[in-house]
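Summary of structural features
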Amino acid sequence: MDREQIRNLYGDNVDTSILSQGEANAEPDQSEQADAPDSAGTIRIKIRDREGKDTLLRVAPATLVQTIIDHYRQIAQLPETTTVALEFDDERLDPGTALEDAEIEDDDMLTAICK
């Protein structure tokens, strides 16, 4: 599926580029398995902002929260001066923590707090 087809299916909130340092990539959900990483060892996460806008990403479990924050800032076209924090189950995530260490799994949703 090419990028145009992906954007037609999922809208502009899906980024299909590779994250920095090859840690993760963002792709639409193509898998039928709900709880397991796909064959490439990635998981799907959703980032929801305060307005309810969702951004879908496919990332490696070892991806650092800071990498997700940096990439989200680019996707959401936020200025570099914007402070972005991610929460999972109402707990703020440490930017230096890997997703797998924060027990974030396939199809989990994170909340973006932007100031």
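A short tour of the structure in this document, coming up. Everything quoted here is computed from the prediction, not taken from an experiment.

**Section: the overall build of the chain**
The number of helices and strands found in the chain is two helices and five strands. In the chain, the succession of α and β elements from N to C terminus is α-β-β-α-β-β-β. Burial analysis of the chain (115 residues in total) assigns 39% to the buried set. Long-range contacts, defined as pairs at least 24 residues apart, comprise 54% of the intrachain contacts of the chain with a sequence gap of at least 6.

**Details of the sheet that holds strand S1 (residues 43–48)**
Sheet strands line up and pair through hydrogen bonds in the backbone, either parallel or antiparallel. One open sheet holds the five strands; their spatial order is S2-S1-S5-S3-S4, and the pairing between them is mixed. Each end of this open sheet is capped by a strand with a single partner; those strands are strand S2 (54–59) and strand S4 (91–92). As judged from the four bridges shared by S1 and strand S5 (residues 108–114), these two strands associate in the parallel manner. Within S5, the residue paired with Ile45 across the bridge is Asp108.

**What to know about the pattern of salt bridges**
Within this structure, the stated rule accounts for six salt bridges. Between Asp107 and Arg44 there is a salt bridge, and its shortest N-O distance comes to 2.9 Å. Note that Asp107 is positioned in the loop between S4 and S5 and Arg44 in strand S1, a separation of 63 residues in sequence. The class for Arg44 is buried, based on a relative accessible area of 5%. For Arg48, the salt bridge is made with Asp54, and the minimal N-O distance between the two is 2.6 Å.

**Observations concerning the nonpolar core**
By size, the foremost hydrophobic cluster in this structure holds 19 residues, and its most contacted members are Ile45, Ile47, Ile68, Leu86, Leu93, Ile104 and Leu110. For this core, the elements supplying multiple residues, two or more each, are S1, S2, helix H2 (65–75), strand S3 (84–88) and S5. When residues in this core are grouped by element, the largest group, five residues, is from H2. Setting aside residues up to four positions removed in sequence, Ile45 forms contacts with Thr55, Leu56, Leu57, Val59, Ile68, Leu99, Ile104, Glu105, Asp108 and Leu110.

**Points about unusual backbone geometry**
A positive phi angle is found at Asp90, which is not glycine, with a value near 60 degrees. With relative accessibility at 74%, the residue Asp90 sits in the exposed group. Its identity as a non-glycine residue notwithstanding, Asp107 has a phi of 70 degrees, on the positive side. The class of Asp107 is partly exposed, set by a relative accessible area of 41%.

**Some words on the side chain of Thr82**
Mapped onto the fold, Thr82 is located in the loop between H2 and S3. If we skip the residues at most four places from it in the chain, Thr82 touches Arg73, Cys114 and Lys115.

Thresholds, definitions, all that
- Residues numbered from 1 in each chain as written.
- Predicted model: local features only at pLDDT ≥ 70, side-chain atom pairs only at ≥ 80, totals over all residues.
- Heavy atoms only, no water.
- Helix = DSSP H or I, 4+ residues; strand = E, 2+ residues; numbered from the N terminus.
- Buried < 20%, exposed > 50% of the residue type's maximum accessible area, 1.4 Å probe, protein only.
- Contact = heavy atoms within 4.5 Å.
- Pairing = 2+ DSSP bridges.
- Salt bridge = Lys/Arg side-chain N within 4 Å of Asp/Glu carboxyl O.
- Core = buried A, V, L, I, M, F, W, Y, C linked by side-chain atoms within 4.5 Å.

So yeah, pure geometry; function would need other evidence.
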